Every structure is written in structure tokens, then in C-alpha cells.
Amino acid sequence: MIYALYLILSFAFVLVLCALLLPVSVRVVLNDRRKSISLGWFFVMWRVDLVSKTSELRLFSQRIISRKMEKKPKEKAKKIEKKKKSRKKKKGRGFDVLVLWSEKNLLPKVLSAVVRFLKDVLRGIRFDRFFLEADVATPDPALTGTIYGGLYPICTSINAISPRLSLELRPDFANNTPRGSAEVVLSSRPINTFKATLRMFFALPKIKMIRTILKMKRR
């Protein structure tokens, strides 16, 4: 019994450690055939296809759940009614500015904690890949050649900066409008967000915030 409990606790500890250390990746793909946003972590992936308006959940690259994002007319009507009711309730409640003015020193502290949280989260985001493939096209072929000639050395220098950057341009003298595809991949470890959340939690003046909320509810 003790050995089984030890195994369960060890397995749970490994899962929590993996959840904090393994990066969560966000992939955005935009092209003529596909427009999708994917969120992946370890063996789990959730993808939203903006063209077919479907969302799906995959485990080990196998589709588990798939559903349409379009809402039924009845569901839309229910949501509209709920919004109307919530608006009526909000109108009945007054907003006391005097309470906030009496606690005017609270706002800068809260804003500084939130700004620091956002900075910590952005620092933890890793830029993994940026791919852009585009056809340069305009109604005037001479203008197309001029734009392509001006952008080509810029793309070459950007590609030389990092292997994560890839820009490809092609002149298209047959069409009048430009076309292309893009792919962006970002990742972040959950432990970075967890640390940033803890910092913000301990930096916030919690007692003053609770007092202010209670004062506003009493009035």
C-alpha cells in the first residue's frame, strides 16, 4: 500500500514538473487554403481552423474531439437575452467615484504590479519561427519589379540574422494583387507565468483592495 502511494505521488510530481517546465507553443498559419491557430503542449494540441470554423483536440496527433464553432440560432438568442438582463442589472448599480478618490494611492500600486506582470510574461515568450512567403504583384509590371528589387536585399539580410527567420519573395507579373502565406510559432514555459503570477500576487496591496471593494458594495 505504501509502495503504491509512493508511486502515485511520484507520478503526480513528474506530471506537475512537466506541466511547469515543458513549453506551450502557439502556432499561427495563414495562407490561401488554411487559416488556423494551434495551441500545443507535450502530446496535447488544440487547433482552431478559421476557414472551416471548426475546433479540434488531438492527443498524440490523433483527433479526439471535433466540433463546429458556429452557434445555433436558439443559443444566440439566449445569449442576447442574458446580455440584456446583465445590462439592466448594471444600470441599477451606482459607481461611487468618492470611494476611489479616497483610495487614490491604491491605483498606482496596482498598475505597477500589473505592468511588471506583463513584462515578466513577455520576457518568458520565445520566438521559435517566423516564415513568410509572398508573391509581389501590382497592376504595373515595372512597379512590381521595382518593389521586388527594393525588398529582396532586405529579405536576404533578415534571413542571415537567424535561422528562425525565413522570408521568401517572388515577383508575379501575371497577377495584379499580391499573395502569400505566413507562419508564426511562439512558445513559453508555464513556470515563467507561474512565477510572474506569484510576484504580482505578493506585490498587490490586497488588504486595501478588499477594503475598497467592500466600501463600494456598501454604497
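Coordinates for the structure precede this section.
A quick note: this is a predicted structure, and the numbers were derived from the prediction, not measured.

Cut-offs applied
Residues numbered from 1 in each chain as written. Predicted model: local features only at pLDDT ≥ 70, side-chain atom pairs only at ≥ 80, totals over all residues. Heavy atoms only, no water. Pairing = 2+ DSSP bridges. Helix = DSSP H or I, 4+ residues; strand = E, 2+ residues; numbered from the N terminus. Patch = residues over 30% accessible without salt bridge, like charges linked within 9 Å, V, L, I, M, F, W, Y side chains within 5 Å. Areas by Shrake-Rupley, 256 points an atom, 1.4 Å probe, with all protein chains shown as cover. Salt bridge = Lys/Arg side-chain N within 4 Å of Asp/Glu carboxyl O. Buried < 20%, exposed > 50% of the residue type's maximum accessible area, 1.4 Å probe, protein only. Polar contact = N/O pair within 3.5 Å; in protein donor to acceptor, adjacent residues only side chain to side chain. Contact = heavy atoms within 4.5 Å. Axes fitted to C-alpha atoms, helices over the stretch in contact; angles between N-to-C directions. Parallel < 35°, antiparallel > 145°, perpendicular 65-115°, else oblique. Nonpolar A, V, L, I, M, F, W, Y, C, P; charged D, E, K, R; others polar. Core = buried A, V, L, I, M, F, W, Y, C linked by side-chain atoms within 4.5 Å.

**Looking at the pairing of strand 1 (residues 24–30)**
Next up, step 1: Note: strand 1 against strand 2 (residues 35–41), seven bridges, orientation antiparallel. Across the sheet, residue Val29 finds its bridge partner in strand 2, namely Ser36.
Next up, step 2: Linking two consecutive strands that pair antiparallel, namely strand 1 and strand 2, is a turn of four residues.

**Describing the environment of Thr156**
Next up, step 1: Relative to the elements of secondary structure, Thr156 occurs in helix 5 (residues 141–161).
Next up, step 2: Considered as a pair, Thr156 and Glu168 are 12 residues apart in the sequence and their alpha carbons are 8.6 Å apart.

**Observations regarding a nonpolar patch on the surface**
Next up, step 1: On the surface, a nonpolar cluster with roughly 830 Å² of combined accessible area is contributed by Val26, Ile37, Leu39, Trp46, Leu50, Met69, Leu122, Ile125, Phe127 and Leu186.
Next up, step 2: When contributions to the nonpolar patch are tallied by element, the ones reaching two or more residues are strand 2 and strand 6 (125–136).
Next up, step 3: Among the secondary structure elements, Leu186 is positioned in strand 8 (residues 179–188).

**Quick look at the pattern of salt bridges**
Next up, step 1: For the coordinates displayed, the defined rule picks out 11 salt bridges.
Next up, step 2: In this structure, Arg63 and Glu56 form a salt bridge, with 3.9 Å as the shortest nitrogen-oxygen distance.
Next up, step 3: For Arg126, the salt bridge is made with Asp128, and the minimal N-O distance between the two is 3.1 Å.
Next up, step 4: On the accessibility criterion, Arg126 (45% relative accessible area) is partly exposed.
Next up, step 5: For Asp128, a relative accessible area of 23% gives the class partly exposed.

**Observations regarding the side chain of Thr138**
Next up, step 1: With respect to the secondary-structure elements, Thr138 resides in the loop between strand 6 and helix 5.
Next up, step 2: Separated by 2.5 Å, the side chains of Thr138 and Thr144 make a polar contact.
Next up, step 3: Sequence-distant contacts of Thr138, that is, excluding residues within four places in its chain, are made with Leu143, Thr144, Ile147, Asn175 and Asn176.

**Quick notes on the packing of helix 4 (residues 106–123) against helix 6 (residues 190–203)**
Next up, step 1: Running from N to C, helix 4 and helix 6 point in directions that differ by 170°, and their axes come no closer than 9 Å. The pairing of helix 4 with helix 6 is recorded here as roughly antiparallel in orientation. Of the residues in helix 6, those touching helix 4 at Ala113, Val114, Arg116, Phe117, Asp120 and Val121 are Thr193, Ala196, Thr197, Arg199, Met200 and Ala203.
Next up, step 2: In terms of residue class, the contact of helix 4 with helix 6 is built from seven nonpolar, two polar and three charged.

**Describing the sheet that holds strand 4 (residues 54–59)**
Next up, step 1: Spatial ordering of the open sheet is given by 5-4-3-2-1-8-6-7, a layout of eight strands whose pairing is mixed. For this open sheet the edge positions go to strand 5 (62–68) and strand 7 (165–171), each flanked by a neighbour on one side alone. On average, each strand axis in the sheet is tilted by 10° relative to the strand beside it, whichever way the strands run.
Next up, step 2: Sheet topology note: the strand 1/strand 8 ladder contains seven bridges and is antiparallel. Looking at strand 8, one finds that Val29 is bridged to Glu183.

**Here's the deal with the nonpolar core**
Next up, step 1: Grouped together as the largest cluster of nonpolar side chains are five residues: Ala134, Val136, Cys155, Leu167 and Leu169.
Next up, step 2: Sorting the residues of this core by element identifies strand 6 and strand 7 as the ones contributing at least two each.
Next up, step 3: Sequence-distant contacts of Ala134, defined by excluding residues within four places in its chain, comprise Glu168, Leu169, Arg170, Arg179 and Gly180.

**Examining the packing of helix 1 (residues 2–21) against helix 6**
Next up, step 1: Two elements in contact, helix 1 and helix 6, have axes separated by 5 Å at closest approach and are oriented at 85°. Here helix 1 lies roughly perpendicular to helix 6, going by the angle between them. Facing Ala19, Leu20 and Leu21 of helix 1, the residues of helix 6 in contact are Pro190, Ile191 and Phe194.

**What about unusual backbone geometry?**
Next up, step 1: Look at Lys53: it is not a glycine, yet its phi comes out positive at around 55°.
Next up, step 2: Counting through the fold element by element, Lys53 comes out in the loop between strand 3 (44–49) and strand 4.
Next up, step 3: Its relative accessible area of 40% is what places Lys53 among the partly exposed residues.
Next up, step 4: Backbone geometry at Phe60 places phi at a positive 55°, although glycine is not the residue there.
Next up, step 5: Looking at the secondary structure, you find Phe60 in the loop between strand 4 and strand 5.

It is worth stressing that arrangement in space is one thing and function is another; only the former is reported here.
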